[in-house]
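# Report on the structure
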Amino acid sequence: MTPSRATFLFYSGLLLSSVGSLAFTTSLVAFMLKSEFSLASIGLILGLQRLLPILVVGIWGHISDCLSPKITVIVSEIIAAAASFALLLLWKGQDTAYTMFLAVCVLRSFLMSFQLGSRSKISKLLSDGQYSSNSKHAIWLMKATQGATLFGGAVAFVIIKNFSLETAIIFDLITFLLNGFIIYTIPLENLAPEDQPQETEPWYKKFSDLFKFNKDAAILDILLALSLFGWAAFSARLAGADQSWNALFTASYGLAVWIAGFMERSFAQKINSTPFWIALSLSYLGLAIFNGPHYSTLIIVFLRDISYWIILHRISSHIQHDSPIKLMGGISSARFTIMVTILSCGEMIVGAWSKFVPLWADSGLRAFVALTVGLVLLTRGSQAVVANDRPAL
């Protein structure tokens, strides 16, 4: 199998699996509400599905470096498909055994979280070691996961309008099995002894490794997450009285992943990151002035998302290129843990302060963070735009 075909199959399968998972989660909320489950009950499932990955990946994510990435993903997808089948049997509408249903949803989330490091490792293995190749694969990894938001929302919309939760579960189950089969057909070279950890490292070492190999990228990653913290709650505030616009803001986020990826792989890589941080700041400043259910708000949100994703694609490219294969799973796990912790805590913070912090101040604070970073980077004007065949952070 040619490298290009292996690459196509890997990211196609990953995108398919991600679309299935997102469609299931979105449909789950809608159909549980239709079945008169309380928001508290639904929120508990969603909360545990998000918080558990932080615990799993933060403590045990580095173990993936000691396992075959291919086998780890295949086994995880098969067990996740079995969990989906269990959900299919358990779902009885309002008469569903809630505790059991919750437990299986959490198990499914656990499996998806544990394979995150292995996915990153396969992405690293598929590259040829050059920055341009690592950048291409890092961007495609983001497209196949975060970019699935665009397609997952569309599939969920069709299911919610015309079908049932059982349809969403079956679709999710099929995508798990298809991705597992696709990964099975991809030949991956065995890791060389020097690319395999000699022993399991302490759980906290992966965090120091993240900063060890590219400290600047790791710090910028955190600052970028701070600019977007509480994304869902902030989007809800922007939508105002008409929450249907929130779906459009979500679609903008998913679409921007793809467009920003194309831009970064073409002309944007010839520009350092400073203008995009400034654009991110100006976008938030615009949202402090123009918000609510208007097309002007949507345009500004899209410009924000494009700026955000160009920066994130570049940071991801640097981290993937600089991280050694034998530590890739642990480093990816550490990065995921930090980002999700910031974004998740942000949801609670933004929700709590929405009663007394006006929207213009919320957006203005994000603009200040992005502007500060942009100005700091601007003072490093002597830094080459492109060095060693890679764009500056």
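What comes next concerns the included structure. This one's a predicted model, so the numbers in the text were calculated from it and none came from an experiment.

### Here's the deal with the packing of helix α10 (residues 215-228) against helix α13 (residues 274-289)
Running from N to C, α10 and α13 point in directions that differ by 15°, and their axes come no closer than 12 Å. As judged from the angle between their axes, α10 and α13 are roughly parallel. As for how α10 packs across α13, the hand of that crossing is left-handed. The segment α10 lies against α13, with L220, L223, L224, S227 and L228 engaging W277, L280 and Y284.

### Focus: the side chain of S316
Tracing the backbone shows S316 in helix α14 (residues 295-322). On the basis of relative accessible area, S316 is assigned to the buried category, the value being 4%. Setting aside residues no more than four positions away along its own chain, S316 makes contact with A138, M142 and R335.

### What about the environment of L226?
By the secondary structure assignment, L226 is in helix α10. By relative accessible area, L226 is classed as partly exposed at 35%. For the pair formed by L226 and R366, sequence separation is 140 residues and the distance between their alpha carbons is 7.6 Å.

### Examining the pattern of salt bridges
Two side chains with opposite charge may pair up if their charged atoms get near one another. Taken as a whole and assessed by the stated rule, the structure comprises eight salt bridges. In this structure, the salt-bridge partner of R314 is E264, at a minimum N-O distance of 2.9 Å. Of this pair, R314 sits in helix α14 while E264 sits in helix α12 (residues 244-265); the two residues are 50 residues apart in sequence, bridging distant segments of the chain. There is no split in this pair, since R314 and E264 are both buried. Residues joined by salt bridges that share partners form a network here, namely R237, D362 and R366.

### Examining the packing of aromatic side chains
By the definition in use, this model includes 14 aromatic pairs. Both rings, one in F110 and one in F114, keep their centres 6.4 Å apart while their planes meet at 5°; by these two values the pair is stacked. Residue F110 and its partner F114 are located together in helix α4 (residues 98-114), separated by four residues, close to a single helical turn. Residue class for F110 comes out partly exposed when judged on its relative accessible area of 30%. Counting every residue linked through ring pairs, the aromatic cluster contains F10, Y11, W140, F151 and W258. It is K70 that lies over the ring of Y184; its NZ or CZ is 5.9 Å from the centre. Across from the ring centre of W140, 4.4 Å away, lies the NZ or CZ of K143, which sits over that ring.

### What to know about the environment of A241
Counting through the fold element by element, A241 comes out in the loop between α11 (231-239) and α12. Remark: the alpha-carbon pair of A241 and G292, spanning 51 residues in sequence, is separated by 7.6 Å.

### Quick word on α11
Along an α-helix, residues three or four apart share an orientation, since each turn contains 3.6 residues. In terms of residue burial, α11 counts as a mostly covered element, since seven of its nine residues are buried. Among all positions in α11, only W231, A233, F234, S235, R237, L238 and A239 are buried. Following α11 by one or two positions, G240 has its phi on the positive side, about 65°.

### Section: the nonpolar core
F10, L224, W277, L280, Y308, W309 and I315 are the most contacted members of the largest nonpolar core, which totals 72 residues. For I315, the residues in contact, after removing those within four places along its chain, are A217, L220, D221, L224, R335 and L393.

Calculation rules
Per-chain numbering applies: the sequence of each chain, read as written, is numbered from 1 onward. For this predicted model, a pLDDT threshold of at least 70 governs which residues receive local features, and a threshold of 80 or more governs which side-chain atom pairs are given and counted, while totals over whole chains, interfaces and linings are taken from all residues. As a rule here, side-chain values come from all non-hydrogen atoms in the structure, and water together with hydrogens is ignored. All axes here are fitted lines through C-alpha atoms, helices being fitted over the stretch that makes contact, and every angle between N-to-C directions spans 0 to 180 degrees. The numbering of helices and of strands both runs from the N terminus, where a helix is a DSSP run of H or I of at least 4 residues and a strand a run of E of at least 2. Put simply, angles under 35 degrees are roughly parallel, angles over 145 are roughly antiparallel, angles from 65 to 115 are roughly perpendicular, and the rest are oblique. With the far helix as reference, a near helix turned anticlockwise by less than a right angle produces a left-handed crossing, and one turned clockwise produces a right-handed crossing. Residue contacts are defined here by distance: any two heavy atoms, one from each residue, within 4.5 Å place the two residues in contact. Using a 1.4 Å probe on the protein chains alone, a residue whose accessible area is under 20% of its type maximum counts as buried, one over 50% counts as exposed, and one in between counts as partly exposed. A side-chain nitrogen of Lys or Arg and a carboxyl oxygen of Asp or Glu constitute a salt bridge if their distance falls within 4 Å. Side-chain rings of Phe, Tyr and Trp (the six-membered ring for Trp) are treated as a pair once their centres are within 6.5 Å; stacked means planes under 30 degrees apart, edge-to-face means over 60, and tilted covers the remaining angles. Placement of a positive charge over a ring is assigned whenever Lys NZ or Arg CZ falls within 6 Å of the ring centre and within 35 degrees of the normal to the ring plane. Take the buried residues of types Ala, Val, Leu, Ile, Met, Phe, Trp, Tyr and Cys, join any two whose side-chain atoms come within 4.5 Å, and each joined set is a nonpolar core.

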